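Here are the chains, one letter per residue:
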Amino acid sequence: MSRSLCITCGIFYNTTNMVQVNYRSIVWSAVIVVIALFIFFLFPWNYTSITIADVWKALGKTVTLSLLIFTVFIKHLWRYRLFRYFIPIPYLGGEWSGILRYNWNGLDGEKPIKLTIRQSLFHIQFIITTDESISRSCSASFNIDELRGENEVIYSYSNQPSIIHRDHSQIHYGAARLNIVDNNTKLEGYYWTDRKTVGELVFYKNK
């Protein structure tokens, strides 16, 4: 299993085993970018006389621009197809609409739900809202293996019912396992909770 760290109901996930991320290629690409920027700033036009001040000035510009590039990459650029070789993690961020089918105390039911996913390269959060409660994820792992045909996300969450529903629905915790299908536009799977509730989840990404 991959390791995950819950940070204020957000997720920093380590995809060591479940998703094979090409970290070595990412590191080398970052090193090449930094070196290229440093050379560019240090030798703009005339490199016959370089002083310590020139080196520090070039270093400062390199650090500033590198941080900007890496920040944009971590938040946005990593999701594009160009970087699939390095990072096979699917981008799921956005608004989703779905159906919750549940079994609780021997009774079956169904209700519409909404899902909001916030995601960057090292962070993902699932927020599910219904007419009675809101759930926020606490940890998550992607399980992606093309050879075995696996493409899913597994996460744990805490559920907080609104005050008016606390008499019959208490705060509880659970986990969900969702398959990622239809080119990352559909999530389907099941969930279970510590109050012995089980059910199915189906989400469609809003256009």
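Residues numbered from 1 in each chain as written. Predicted model: local features only at pLDDT ≥ 70, side-chain atom pairs only at ≥ 80, totals over all residues. Heavy atoms only, no water.

The secondary structure content of the protein amounts to two helices and ten strands. Scanning the protein from its N terminus toward the C terminus, one meets helices and strands in the order β-β-α-α-β-β-β-β-β-β-β-β. The burial tally for the protein puts 37% of its 207 residues in the buried class. Put simply, of all contacts in the protein between residues at least 6 apart along the chain, 48% involve residues at least 24 apart. Split by element, the accessible area of the protein, about 13000 Å² in all, is 62% carbon and sulfur. (Helix = DSSP H or I, 4+ residues; strand = E, 2+ residues; numbered from the N terminus. Buried < 20%, exposed > 50% of the residue type's maximum accessible area, 1.4 Å probe, protein only. Contact = heavy atoms within 4.5 Å. Areas by Shrake-Rupley, 256 points an atom, 1.4 Å probe, with all protein chains shown as cover.)

The tendency in soluble globular proteins is for nonpolar side chains to be buried as a group. The biggest cluster of nonpolar side chains holds 28 residues, and the ones touching the most others in it are Tyr155, Leu187, Leu201 and Phe203. For this core, the elements supplying multiple residues, two or more each, are strand 3 (94-104), strand 4 (107-120), strand 5 (123-129), strand 6 (133-145), strand 7 (150-161), strand 8 (172-181), strand 9 (186-193) and strand 10 (198-205). Beyond its immediate stretch of four places on either side in the chain, Leu201 contacts Ile99, Leu100, Ile113, Tyr155, Ala176, Leu178, Leu187, Glu188, Gly189, Tyr190 and Tyr191. (Core = buried A, V, L, I, M, F, W, Y, C linked by side-chain atoms within 4.5 Å.)

By the definition in use, this model includes six aromatic pairs. Ring geometry for Phe73 versus Phe83: centroids 5.0 Å apart, planes at 85 degrees, classification edge-to-face. A residue pair is termed long-range when its members are at least 10 positions apart, and Phe73 in helix 2 (residues 52-75) and Phe83 in the loop between helix 2 and strand 3 qualify at ten residues. Measuring from ring centre to ring centre gives 4.3 Å for Phe126 and Tyr155, while their planes differ by 5 degrees; the resulting arrangement is stacked. A residue pair is termed long-range when its members are at least 10 positions apart, and Phe126 in strand 5 and Tyr155 in strand 7 qualify at 29 residues. (Phe/Tyr/Trp six-rings, centres within 6.5 Å; stacked < 30°, edge-to-face > 60°.)

Enumeration over the complete set of coordinates arrives at four salt bridges. Residue Glu110 is joined to Arg101 by a salt bridge in which the shortest nitrogen-to-oxygen separation is 3.2 Å. Note that Lys111 is salt-bridged to Asp131, the shortest N-O span being 3.1 Å. Of the two residues, Lys111 is situated in strand 4 and Asp131 in the loop between strand 5 and strand 6; the sequence distance between them amounts to 20 residues. (Salt bridge = Lys/Arg side-chain N within 4 Å of Asp/Glu carboxyl O.)

Another aspect to go through is the pairing of strand 7. Relative to strand 7, strand 6 runs antiparallel, the two being bridged by twelve bridges. Note that in strand 7 the partner of Ser141 across the bridge is Ile154. Counting the residues between successive antiparallel strands, the hairpin from strand 6 to strand 7 contains four residues, one of them, Gly149, with a positive phi of roughly 70 degrees. (Pairing = 2+ DSSP bridges.)

Quick look at the confidence of the model for the protein now. Of the residues in the protein, 86% have a pLDDT of 70 or more, and the chain-wide mean is 83. Note on residues 1-17: pLDDT is under 50 here. Beyond four places in sequence and across chains, it has 51 contacts. (pLDDT = per-residue confidence, 0-100.)

In this section: the sheet that holds strand 7. The eight strands are arranged 3-4-5-6-7-8-9-10 in a closed barrel whose pairing can be described as antiparallel. Strand-to-strand, the axes of this sheet are offset by a mean angle of 25 degrees, without reference to chain direction. Relative to strand 10, strand 3 runs antiparallel, the two being bridged by eight bridges. Within the sheet, the bridge partner assigned to Ile99 lies in strand 10 and is Val202. (Axes fitted to C-alpha atoms, helices over the stretch in contact; angles between N-to-C directions.)

This part takes up a nonpolar patch on the surface. Together, Val27, Trp28, Val31, Ile35, Ile39, Phe43, Ile50 and Val55 line one region of the surface with nonpolar side chains, adding up to about 680 Å² of accessible area. When residues in the nonpolar patch are grouped by element, the largest group, five residues, is from helix 1 (residues 23-42). Secondary-structure assignment places Ile39 in helix 1. (Patch = residues over 30% accessible without salt bridge, like charges linked within 9 Å, V, L, I, M, F, W, Y side chains within 5 Å.)

Here we come to the side chain of Glu152. Along the chain, Glu152 falls in strand 7. Since its relative accessible area comes to 7%, Glu152 is described here as buried. One polar contact links Glu152 to Asn143, side chain to side chain, over a distance of 2.8 Å. Side-chain polar atoms of Glu152 contact the side chain of Arg177, separated by 2.7 Å. Discounting residues that sit within four places of it in the chain, Glu152 has contacts with Ser141, Phe142, Asn143, Arg177, Leu178, Asn179 and Ile180. (Polar contact = N/O pair within 3.5 Å; in protein donor to acceptor, adjacent residues only side chain to side chain.)

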